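# Overview (structure and organization)
Take a look at the letters that make up each chain.
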Protein chains: 2
Amino acid sequence: MNKRQFKDKVYGELARITKSMANPHRMEIIELLAQGEVSVEEIAAQTNLPIANASQHLQVLKQAQLVEINRQGNFIFYRLSNDNVFKAWKALRDLGVERIVAVENVVREFRKSKFDFESVTIDELVEKIESGKITILDVRPESEYKQGHIANAVSIPIEELSKRLKELPKRTEIVAYCRGPFCVYADEAVAMLVQAGFKAKRLTEGFPDWKVQGLPIEVSMN
Amino acid sequence: MNKRQFKDKVYGELARITKSMANPHRMEIIELLAQGEVSVEEIAAQTNLPIANASQHLQVLKQAQLVEINRQGNFIFYRLSNDNVFKAWKALRDLGVERIVAVENVVREFRKSKFDFESVTIDELVEKIESGKITILDVRPESEYKQGHIANAVSIPIEELSKRLKELPKRTEIVAYCRGPFCVYADEAVAMLVQAGFKAKRLTEGFPDWKVQGLPIEVSMN
DNA sequence: CATTTATTCAATATTTTTATTGAATAGACG
DNA sequence: CGTCTATTCAATAAAAATATTGAATAAATG
């Protein structure tokens, strides 16, 4: 094998992996799987895809070894193969957030209309935890919370929040988080909480970002 | 705009950026540009592409704002827009190196045949620098060295190495590096040096990896 | 063993990406 | 101003990715 053939092999493989991520639906699926195991049915529902279509995209990710499966009874659950998959996804996301005006504008525009509240970075949250009383609120679906959440976070899925406001403290500051910077659940939660007189902000990023930094998490079994 | 439209926009943009990297030639071009500015002509030569073809790929990267241009006389030089581009590329590379058996096998197979020498990680090199005498050898083309190199590294491009061996010390250990883990120049250099009785190893990664970690670098003007 | 259910496969039409070729452009330089 | 040169553009053919549909599969359950 000569140098050129060697390079073609190497960059070909790198491109193959990159291609397997290079699709809007698959980018969304990866973010979803970064929360934990999810069944095909659920992935399709969350991403508004026909099941056959979701399955097809999952096959692409599986072929690139970005995801693994785990059969549980009648369901097949998909999960990310390892941390590096999320790290690569995150690097691409950071690149997107930083570079592409279009995304920033879209995010900002969408948020400004309904949810123009302050947000808290991971570093700031770490400080708040160390230096005072604070309530951390996980508004993702319960299955995601169970599979891993920020240590000491309380779980109230966004759909239940309006009915369960009394479980939250009026005085101490609340930081709500969900799947990541594009996840709207946290925005909706903060809007609802502020409206109801709570002191609330959202976490800029999400649970997988927290976890990948090695910060303390808890798992509620499964 | 509803939630689904918002998501479609966001993940669409992320996929657009990812797609712009998702091609073997463009993966190679990005690695090359991580060394510094390079003209279209040179990019085409280094990647064995017809010039029109290289230009086309560069347009794709430019549209995604991954690269910027800088006209110098008759030539147009391309460079990465910022550090995050290399970071994302690196994350994908790490994913590839770690995940895909194919890449590992190809790399190993190719190296074993001719270049089965020990290599040194960046952390190990840092230690060696702190704790003793060591010669760091940059075997990339001189233009790349000039645009940035590991602090105190000596430049001897691989093509000149055989004629310039006398410039190197026989006693102190030599660590040769080039563009990255897939760059063969460092392997060739180590092979040549060991053959000639020097004590030499290659750096596992390359200059951009060193730089992105914030380790000391030098620039020779331009 | 037959049925149910979640998932995958297969076939096809559509769209997008890529390579190739030759012409066009834009700036430098005499 | 005209020429030269590096780069880009444009047109086309070929290859690959994607969406859609309905059928096939494989495991669980009665």
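Residues numbered from 1 in each chain as written. Chains lettered and ligands numbered in written order. Predicted model: local features only at pLDDT ≥ 70, side-chain atom pairs only at ≥ 80, totals over all residues. Heavy atoms only, no water.

Here we take up the sheet that holds strand β2 (residues 67-72) of chain A. Residues and elements named next belong to chain A. The antiparallel open sheet is built from 3 strands, whose spatial order is β1-β3-β2. A strand with exactly one partner marks an edge of an open sheet, and here the two such strands are β1 (38-39) and β2. By the bridge criterion, 6 bridges tie β2 to strand β3 (residues 75-80) in an arrangement that is antiparallel. Opposite Val67, over in β3, you have Leu80 as the bridge partner. (Pairing = 2+ DSSP bridges. Helix = DSSP H or I, 4+ residues; strand = E, 2+ residues; numbered from the N terminus.)

Attention now moves to the packing of helix α2 (residues 24-33) of chain A against helix α3 (residues 40-47) of chain A. Axis angle and axis distance: for two packed helices, these are the angle between their axes and the distance between the axes, and together they describe the pair. All names here are of chain A. Between α2 and α3, whose axes approach to 10 Å, the crossing angle comes to 120°. If you check the angle between α2 and α3, you find them oblique. Pair α2 / α3 crosses with right-handed handedness. The segment α2 lies against α3, with Glu28, Ile29, Leu32 and Leu33 engaging Ile43, Gln46 and Thr47. (Axes fitted to C-alpha atoms, helices over the stretch in contact; angles between N-to-C directions. Parallel < 35°, antiparallel > 145°, perpendicular 65-115°, else oblique. Left-handed = near helix turned anticlockwise from the far one by under 90°. Contact = heavy atoms within 4.5 Å.)

How large an interface is tends to be reported as the accessible area lost when its parts come together. Between chain B and chain A, the contact holds 58 residues from the first and 57 residues from the second. With both sides pooled, the region where chain B packs onto chain A buries about 5200 Å², and carbon together with sulfur makes up 68% of that total. At the junction of chain B and chain A, the tally comes to 6 salt bridges. As a salt-bridge pair, Glu28 of chain B and Arg4 of chain A come within 2.7 Å of each other at their nearest N and O atoms. Counting every contact that joins chain B to chain A gives 10 residue pairs in polar contact (both at pLDDT 80 or more). (Buried area = accessible area lost by both parts, 1.4 Å probe. Salt bridge = Lys/Arg side-chain N within 4 Å of Asp/Glu carboxyl O. Polar contact = N/O pair within 3.5 Å; in protein donor to acceptor, adjacent residues only side chain to side chain.)

Residues and elements named next belong to chain A. Its identity is not glycine, yet Asn48 carries a phi of approximately 55°, on the positive side. In this structure, Asn48 sits in the loop between α3 and α4 (51-63). The backbone of Gln65 sits at a positive phi, close to 60°, despite the residue not being glycine. For Gln65, the location among the structural elements is in the loop between α4 and β2. Note on Gln65: relative accessible area 32%, which makes it partly exposed. (Buried < 20%, exposed > 50% of the residue type's maximum accessible area, 1.4 Å probe, protein only.)

Looking at chain A, the pLDDT average stands at 91 and 91% of residues meet or exceed 70. Ranking the elements of chain A by mean pLDDT puts helix α6 (residues 101-114) of chain A last, at 61, and strand β6 (residues 149-150) of chain A first, at 98. (pLDDT = per-residue confidence, 0-100.)

Next up on the list: the nonpolar core. Ranked by internal contacts, the top residues of the largest apolar core, which has 64 residues, are Met21 and Leu66 of chain A together with Met21 and Leu66 of chain B. Filtering out sequence-adjacent residues up to four positions away, Leu66 of chain A remains in contact with Ile17, Ser20, Met21, Ile30, Leu61, Arg79, Leu80, Ser81 and Val85 of chain A together with Leu95 of chain B. (Core = buried A, V, L, I, M, F, W, Y, C linked by side-chain atoms within 4.5 Å.)

When chain B is fitted to chain A, the best match, at an RMSD of 0.0 Å, comes from turning it 180° and sliding it 0.0 Å along the axis. With respect to symmetry, the two chain copies, as superposed, fit the operation of a two-fold axis. Interface overlap between copies is the fraction of interface residues in one copy that are interface residues in the other; for chain B against chain A it reaches 98%, indicating a shared surface. (Least-squares fit on C-alpha atoms with pLDDT ≥ 70 in both.)

Here we come to the state of the cysteines. Residues and elements named next belong to chain A. Here the structure, examined in full by the defined rule, presents 1 disulfide over all chains. Paired by a disulfide, Cys178 and Cys183 hold their sulfur atoms 2.5 Å apart. Here the disulfide of Cys178 and Cys183 is left-handed, its torsion about the S-S bond being about -135°. The exposure class assigned to Cys183 is buried, which follows from its relative accessible area of 7%. (Disulfide = S-S within 2.5 Å.)

As paired strands, β1 of chain A and β3 of chain A are joined by 2 bridges and run antiparallel to one another. Within β3 of chain A, the residue paired with Val38 of chain A across the bridge is Tyr78 of chain A.

Take the domain arrangement of chain A next. Residues and elements named next belong to chain A. Domain annotation for chain A reports domain 1 (3-85) and domain 2 (104-218). Contacts between domain 1 and domain 2 engage 8 residues on the former and 11 residues on the latter. Both sides together, the interface formed by domain 1 and domain 2 hides about 760 Å², and carbon and sulfur atoms give 42% of it. Joining domain 1 to domain 2, the criterion identifies 0 salt bridges. The tally of links between domain 1 and domain 2 comes to 4 residue pairs in polar contact (both at pLDDT 80 or more). (Domains from an automatic or database assignment.)

All right, on to the protein's contact with DNA strand C then. Around DNA strand C lies a shell of 23 residues, among which Glu41, Ser55 and Tyr78 of chain A together with Asn23 and His57 of chain B are the nearest. Sugar and phosphate atoms constitute 76% of the interface atoms of DNA strand C, taking the interface as everything within 4 Å of the protein. One nitrogen or oxygen atom from the side chain of Asn23 of chain B is found 3.0 Å from a phosphate oxygen belonging to DNA strand C. In the surface near DNA strand C, the residues fall into 8 nonpolar, 11 polar and 4 charged. (Near = heavy atom within 4 Å. Nonpolar A, V, L, I, M, F, W, Y, C, P; charged D, E, K, R; others polar.)

On the secondary structure map, Asn2 of chain B appears in the segment before α1 (3-21). Measuring from C-alpha to C-alpha, the distance between Asn2 of chain B and Ile76 of chain B comes to 43 Å, with 74 residues separating the pair along the chain.

The subject of this paragraph is the protein's contact with DNA strand D. Inspection of the region around DNA strand D gives 23 residues, with Asn23 and His57 of chain A together with Glu41, Ser55 and Tyr78 of chain B positioned closest. The sugar and phosphate moieties of DNA strand D supply 76% of its atoms located within 4 Å of the protein. In this structure, a phosphate oxygen belonging to DNA strand D sits 3.2 Å away from a side-chain N or O atom of His25 of chain A. Within the side chain of His57 of chain A, an N or O atom sits 2.9 Å from a phosphate oxygen of DNA strand D. When the residues that make up the surface near DNA strand D are grouped by side-chain class, the tally is 8 nonpolar, 11 polar and 4 charged.

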